[in-house]
Amino acid sequence: KAGVTQTPRYLIKTRGQQVTLSCSPISGHRSVSWYQQTPGQGLQFLFEYFSETQRNKGNFPGRFSGRQFSNSRSEMNVSTLELGDSALYLCASSYSQETQYFGPGTRLLVL
Amino acid sequence: GNSVTQMEGPVTLSEEAFLTINCTYTATGYPSLFWYVQYPGEGLQLLLKATKADDKGSNKGFEATYRKETTSFHLEKGSVQVSDSAVYFCALSGGTSGTYKYIFGTGTRLKVLA
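Below or above, wherever it landed, is the structure these notes cover. On a predicted model such as this, the values are computed, not experimentally measured, just so you know.

1. Digging into the overall build of chain A
- Of regular secondary structure, chain A possesses zero helices and 11 strands.
- Its helices and strands taken in sequence order, chain A reads β-β-β-β-β-β-β-β-β-β-β from the N to the C terminus.
- Counting only C-alpha atoms, chain A reaches 35 × 25 × 25 Å along its principal axes.
- When contacts within chain A are restricted to residue pairs at least 6 apart in sequence, those whose partners lie at least 24 apart make up 52%.
- Accessible surface, chain A: about 5400 Å² in total, of which carbon and sulfur atoms supply 49%.

Take a look at the structure:
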């Protein structure tokens, strides 16, 4: 089975722009979660989608949003980018409510 | 709320040394516990897991036992290799809070010297 894929792998944006990241889960997995990883804050949970519905949400501002499509693929969007949004964004998929399998991440640099 | 505490790194060991990375948790009920590993420039890979008290997870020579009485899930390996150099994350999910949201520790960087 193919693993979790994320596109793009690297991205450079400037402050004020917006960005959309994509995640394709493992086939058959219906849950997709997103995380932000930074050296200062570590791994922080953004949100989780299951069957196109947001099921859990972390403590991030409304500039961070996401959605899930009927084929379980998910996108996350960050509007009005700030320098502090520079991070590795990780997507994880799961079949059951236990084990998550992570993608390689998208590294976002905001200039 | 739920939380995970990991030992501070970095941990530097010589090849073939014994490894222990401490992890303790706070949660109500019986969460599932995980160890993930992250190699440079990559995402997280599941290393091992345990879903109930006294379960032992093991993989690639790494082991961890779910200790309910001490709320711990310490990672051990008898003989580390240079290729084990990475960042290790302890995590939990579930418990009586009912949340599926993963809680991660801060990560422990391991460096193994030849």
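2. Describing the side chain of His29(A)
All names here are of chain A.
- Here His 29 is to be found in the loop between strand E3 (19-24) and strand E4 (31-38).
- His 29 sits in the buried class, given a relative accessible area of 8%.
- Those residues within four positions of His 29 in sequence are excluded, and the remaining contacts are Ser 72, Ser 93, Ser 94, Tyr 95 and Tyr 101.

3. Describing the packing of aromatic side chains
- According to the stated counting rule, one finds 15 aromatic pairs over all chains in the structure shown.
- Here Phe102(A) and Tyr36(B) contribute two aromatic rings whose centre-to-centre distance is 5.3 Å and whose plane-to-plane angle is 80°, an arrangement assigned as edge-to-face. One end of the pair, Phe102(A), is in strand E10 (residues 101-102); the other, Tyr36(B), is in strand E5 (residues 31-38), on a second chain.
- An angle of 55° between the planes, with centres 5.9 Å apart, marks the rings of Tyr36(B) and Phe104(B) as tilted. Pair noted here: Tyr36(B) is in strand E5 and Phe104(B) is in strand E11 (residues 103-104), with a separation of 68 residues, a long-range link.
- Judged by relative accessible area, Phe104(B) falls into the buried class, the value being 11%.
- Here the aromatic residues Tyr35(A), Phe45(A), Phe102(A), Phe34(B), Tyr36(B), Phe89(B), Tyr102(B) and Phe104(B) are joined through ring pairs into a cluster of three or more.
- Against the face of Phe50(A) rests Arg55(A), its NZ or CZ located 4.3 Å from the ring centre.
- Taking NZ or CZ as reference, Lys68(B) lies 4.4 Å from the ring centre of Tyr30(B), over its face.

4. As for the interface of chain A and chain B
- Listed as interface residues are 22 residues of chain A and, on the opposing side, 18 residues of chain B.
- Buried surface at the junction of chain A and chain B, both sides included, amounts to about 1600 Å², of which 54% is carbon and sulfur.
- For the chain A face of the interface with chain B, the top three residues by lost area are Leu43(A), Glu98(A) and Phe102(A), together amounting to 33%.
- Summed over the shared surface of chain A and chain B, the number is zero salt bridges.
- Remark: the boundary between chain A and chain B carries four residue pairs in polar contact (both at pLDDT 80 or more).
- Elements with a contribution of two residues or more to the side of chain A that touches chain B: E4, strand E5 (42-50), strand E6 (53-57), strand E9 (87-94) and E10 of chain A.

5. A few points about the sheet that holds strand E8 (residues 74-78) of chain A
Residue and element names in this part refer to chain A.
- With antiparallel pairing, four strands are arranged side by side in an open sheet as E1-E3-E8-E7. The sheet is open, and its two borders are formed by strand E1 (5-7) and strand E7 (64-68), each paired with just one other strand. Neighbour to neighbour, the strand axes of the sheet diverge by 20° on average, direction disregarded.
- Strand direction decides the pairing type here: E7 and E8, joined by five bridges, are antiparallel. Considered in E8, the bridge of Gln 68 is made with Ser 74.

Analysis parameters
- Residues numbered from 1 in each chain as written.
- Chains lettered and ligands numbered in written order.
- Predicted model: local features only at pLDDT ≥ 70, side-chain atom pairs only at ≥ 80, totals over all residues.
- Heavy atoms only, no water.
- Helix = DSSP H or I, 4+ residues; strand = E, 2+ residues; numbered from the N terminus.
- Contact = heavy atoms within 4.5 Å.
- Areas by Shrake-Rupley, 256 points an atom, 1.4 Å probe, with all protein chains shown as cover.
- Buried < 20%, exposed > 50% of the residue type's maximum accessible area, 1.4 Å probe, protein only.
- Phe/Tyr/Trp six-rings, centres within 6.5 Å; stacked < 30°, edge-to-face > 60°.
- Lys NZ or Arg CZ within 6 Å of the ring centre and 35° of its normal.
- Buried area = accessible area lost by both parts, 1.4 Å probe.
- Salt bridge = Lys/Arg side-chain N within 4 Å of Asp/Glu carboxyl O.
- Polar contact = N/O pair within 3.5 Å; in protein donor to acceptor, adjacent residues only side chain to side chain.
- Pairing = 2+ DSSP bridges.
- Axes fitted to C-alpha atoms, helices over the stretch in contact; angles between N-to-C directions.

Interpretation in functional terms is not warranted from these geometric data alone.
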